[in-house]
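Coordinates in review
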Amino acid sequence: YVAPKVIMRHSIGDEYINFGNKNINLHTDFRNYFIVRNSIYLSLYSKLPLNFKLIQLGKVPLYILFYSYHSKRRLYSLGLLIKAVTDGIFRNMDKGHFR
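Residues numbered from 1 in each chain as written. Predicted model: local features only at pLDDT ≥ 70, side-chain atom pairs only at ≥ 80, totals over all residues. Heavy atoms only, no water.

Now for the overall build of the protein. Scanning the protein for helices and strands turns up 3 helices and 2 strands. Dimensions of the protein, computed from the C-alpha atoms along their principal axes, are close to 45 × 40 × 30 Å. The long-range share in the protein, meaning contacts at least 24 apart out of those at least 6 apart in sequence, stands at 56%. Counting every atom, the protein has about 7,600 Å² of accessible surface; 63% of that belongs to carbon and sulfur. In the protein, 15 side chains carry a positive charge and 5 a negative one; their mean positions are 6 Å apart. (Helix = DSSP H or I, 4+ residues; strand = E, 2+ residues; numbered from the N terminus. Contact = heavy atoms within 4.5 Å. Areas by Shrake-Rupley, 256 points an atom, 1.4 Å probe, with all protein chains shown as cover. Lys, Arg positive; Asp, Glu negative; His and termini not counted. Charge placed at Lys NZ, Arg CZ, Asp CG, Glu CD.)

By the bridge criterion, 5 bridges tie strand β1 (residues 15-19) to strand β2 (residues 22-26) in an arrangement that is antiparallel. Residue pairing in the sheet places phenylalanine 19 in a bridge with lysine 22 of β2. Counting the residues between successive antiparallel strands, the hairpin from β1 to β2 contains 2 residues, one of them, glycine 20, with a positive phi of roughly 70°. (Pairing = 2+ DSSP bridges.)

Structural data, given as structure tokens:
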């Protein structure tokens, strides 16, 4: 189905920081929630290779700490990402939890 009058705004990150020799996009809390939730879900319930699952699970705590620290709303971001972990564990794959 084509809807020619529909416009979709898409952004990987409007801001970035230099971290070492890399520019890292700072995603919105909305996007970070789904990245973390889906990583947990795939790591626990998919048929992907074990090494992929272990790498993903190892990245999640670092991701949560990094993006919570660099968020403009640190405590909100931290709480949301912890909720993303629990939603991934308990297969709560709806639209997310946002204020």
